[in-house]
Amino acid sequence: MLHRLRLLFLLVPVGLSGCVGLSLVAGTRQRPVGTTLGLHVGDNGLNKGGVTTADALRLWGEPRRKAVVGLQQRWQYRADELAWRGAQVWLIIPVPLLLPVGHKKVTLTFEEDQLQGYTIDDARERFFGFFISNYDSKTWLFNEGDGSGENDPSCHGAYGCY
């Protein structure tokens, strides 16, 4: 009887937490940010209206790379945010096992000297295990959550975007 009570006291907190499993943070994906620029690389929304290449140069300076693809110019900048990769073990609370692997990249796409949009590199996150979340009706997740932002468009996970 004492062994059953101990087992019950061990299993109840795990069941109450709603999160038991593993999430892998790996790879990259381009997350759309918007069509306006802020004062710093990665900021959005301070410069409203049509943003030109001259505006981008004035606000963010020269890009690290420039490429022309068809009629589009693609400018790549290095963001101040670190890019993290690794895994998280979820046992009542998430235990991050993540390492910084460099900085995120921001890509501006121009066509006819007008900003068409910009993206930032984020990691893809895959979940394996038992998770209860407020944005998904699924409870058991196996190889779910490709990091597309489909379930979480604002990219607020346990620790934000990777």
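Details of the structure are given in the entry above.
Caption draft 1: Representation of the environment of Asp113 within the structure. Checked against the element boundaries, Asp113 lands in the loop between strand S4 (93-111) and strand S5 (114-131). Judged by its relative accessible area of 35%, Asp113 is partly exposed. Beyond its immediate chain neighbours, meaning those up to four positions away, Asp113 contacts Val51, Thr52 and Thr53. Within the local environment of Asp113, its side chain forms a polar contact with the side chain of Thr53, the two groups lying 2.3 Å apart.

Caption draft 2: A look at the packing of aromatic side chains. Scanning all chains against the criterion turns up 3 aromatic pairs. A ring pair is formed by Trp60 and Tyr77, whose centres lie 5.3 Å apart and whose planes are at 85 degrees; its orientation type is edge-to-face. On the criterion of sequence distance, the pair formed by Trp60 in helix H2 (residues 53-60) and Tyr77 in strand S3 (residues 72-91) is long-range, its members being 17 residues apart. Since its relative accessible area comes to 3%, Tyr77 is described here as buried. Residues Trp60 and Tyr118 carry aromatic rings whose centres are separated by 5.5 Å and whose planes lie at 85 degrees to one another, so their mutual orientation is edge-to-face. One end of the pair, Trp60, is in helix H2; the other, Tyr118, is in strand S5, and 58 residues separate them in sequence.

Caption draft 3: A look at the pattern of salt bridges. Taken as a whole, this structure holds 6 salt bridges when the rule is applied. Across the pair Arg29 and Asp122 runs a salt bridge, and its minimum N-O distance is 3.9 Å. Residue Arg29 is located in strand S1 (residues 19-34), and its partner Asp122 is located in strand S5; the two are separated by 93 residues in the primary sequence. Taking the shortest distance from any N to any O, the salt bridge between Lys104 and Glu81 comes out at 3.2 Å. Residue Lys104 is located in strand S4, and its partner Glu81 is located in strand S3; the two are separated by 23 residues in the primary sequence. Within this structure, Arg29, Arg31, Glu81, Lys104 and Asp122 form a network of salt bridges that share partners.

Caption draft 4: Local environment of the nonpolar core. Within the largest apolar cluster, 14 residues are counted, with the highest numbers of intra-cluster contacts made by Leu37, Ala56, Trp60, Tyr77, Val106 and Leu108. Secondary-structure elements contributing two or more residues to this core are H2, S3, S4 and S5. Excluding its chain neighbours within four sequence positions, the residues that come into contact with Leu108 are Leu37, Ala56, Trp60, Gln73, Arg74, Trp75, Tyr77, Leu115, Gly117 and Tyr118.

About the thresholds
Residues numbered from 1 in each chain as written. Predicted model: local features only at pLDDT ≥ 70, side-chain atom pairs only at ≥ 80, totals over all residues. Heavy atoms only, no water. Helix = DSSP H or I, 4+ residues; strand = E, 2+ residues; numbered from the N terminus. Buried < 20%, exposed > 50% of the residue type's maximum accessible area, 1.4 Å probe, protein only. Contact = heavy atoms within 4.5 Å. Polar contact = N/O pair within 3.5 Å; in protein donor to acceptor, adjacent residues only side chain to side chain. Phe/Tyr/Trp six-rings, centres within 6.5 Å; stacked < 30°, edge-to-face > 60°. Salt bridge = Lys/Arg side-chain N within 4 Å of Asp/Glu carboxyl O. Core = buried A, V, L, I, M, F, W, Y, C linked by side-chain atoms within 4.5 Å.

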